[in-house]
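Descriptive analysis of the structure
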Amino acid sequence: MKIAKTAAAALAAFLAAGCEKDVMLHSGLEESQANLVMAALLGEGIEAHKTAGDENTWNVVISEKSFAAAVNVLESRGLPRRARKGLGETFKKTGMISSPGEERIRFMSALAEDISSTISLIDGVIDANVHIVLPENDPFARNSLPSSAAVAIRSRWDVDLSERIPQIKNLVRNAVEGLAYEKISVTVFRDPPARK
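I will try to describe carefully the structure that is included in this document. Because the structure is predicted, anything quoted here is derived from the model rather than measured.

What follows deals with the sheet that holds strand S6 (residues 184–190). Taken in spatial order, the three strands make up an open sheet running S4-S5-S6, and their pairing is mixed. Looking along the sheet, the strands with just one partner apiece sit at the ends: strand S4 (125–133) and S6. Recorded for the sheet is a direction-independent mean angle of 15° between the axes of neighbouring strands. Two elements, strand S5 (residues 148–155) and S6, share seven bridges in a ladder whose sense is parallel. Counterpart to Ala149 in the pairing with S6 is Ile184. Taken strand by strand, helix H5 (residues 100–120) contacts S4 and S5, and its axis lies near 155° from that of S4. Contacting S5 and S6, helix H6 (residues 165–175) runs over the sheet at an angle of about 135° to S6.

Have a look at this one:
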C-alpha cells in the first residue's frame, strides 16, 4: 500500500512537471539585452531560455510559475534597458525645411538622450534621464539666461552614487557647450531592497 502511494505521488509530480506551461517574458529584444535578461534570471535560479524572434531579435521564455519572481528580478535591475535613440537617429531631418526652433528642440532632445545613455552605463545605475534647457538668447541683449540641466538617476538599492555626483556633473558640463557646473542638478532615487 505504501509503495502504491509513493508511486502515485511520483506519477502526479511527473505529470505536473510535464504540464508546466512556458510563457514569453520578453520579445523582440536585441541579443545583448536578451543575454542580460537571461543572466539576471539564471543568477537568481530562475530557469529561462532564448528563442529566435523576428528580424534578428530574441525572445526570453520562462515557466509560467516563475513569472512573478522573474518580473520582480528584472524590475529591480532595470532590465531590459529601454531602447534609446542616438543623436543621428533623433536629429535627422524628416521634411524638406525645418524651422530653427524645430532644429533646436531636436538637438536638445538628442543631446539629452545621448547623455542619459552614457550615465545609464555607470555601475549601479538602473536608468537615467537628462533634461537640458538651452535658452534662446538674443546675442545683442545685455543680460542672457544661462543654460541648465537636471539629471534624474534611478539606482540599485545597494549602491551609493553620492561620491560619483561630481563626475556625473562634469560629464554633463563637458557634453553641453556653455553649461556651468553650478547649473547642473543631479538627483538620485535609490530603489528599495528586493523583496524575497
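The structure having been displayed, the exposition proceeds.
So, on to the sheet that holds strand S1 (residues 22–29). Overall, antiparallel pairing links the three strands, which are arranged S1-S3-S2 in an open sheet. One side of each edge strand has no neighbouring strand; the edge strands of this open sheet are S1 and strand S2 (48–52). With direction set aside, neighbouring strand axes in the sheet form an average angle of 25°. Both S1 and strand S3 (residues 58–63) contribute to a ladder of five bridges, which runs antiparallel.

Here the focus is the pattern of salt bridges. This model, assessed by the stated rule, comprises six salt bridges. One salt bridge connects Lys50 with Glu31, and the closest N-O pair in it is separated by 3.4 Å. Placement of Lys50 in strand S2 and of Glu31 in helix H2 (residues 31–43) is noted, with a sequence separation of 19 residues between them. Judged by relative accessible area, Lys50 falls into the partly exposed class, the value being 28%. Measuring nitrogen to oxygen at the nearest pair gives 2.8 Å for the salt bridge that ties Arg154 to Asp191. With Arg154 in strand S5 and Asp191 in the segment after S6, the pair connects residues that are 37 residues apart, well separated along the chain. Here Arg154 falls in the partly exposed class, since its relative accessible area comes to 23%. In the salt-bridge network here, residues are joined through shared partners; they are Glu75, Arg154 and Asp191.

Calculation criteria
- Residues numbered from 1 in each chain as written.
- Predicted model: local features only at pLDDT ≥ 70, side-chain atom pairs only at ≥ 80, totals over all residues.
- Heavy atoms only, no water.
- Pairing = 2+ DSSP bridges.
- Helix = DSSP H or I, 4+ residues; strand = E, 2+ residues; numbered from the N terminus.
- Axes fitted to C-alpha atoms, helices over the stretch in contact; angles between N-to-C directions.
- Contact = heavy atoms within 4.5 Å.
- Salt bridge = Lys/Arg side-chain N within 4 Å of Asp/Glu carboxyl O.
- Buried < 20%, exposed > 50% of the residue type's maximum accessible area, 1.4 Å probe, protein only.

Read these as geometric descriptors, not functional statements.
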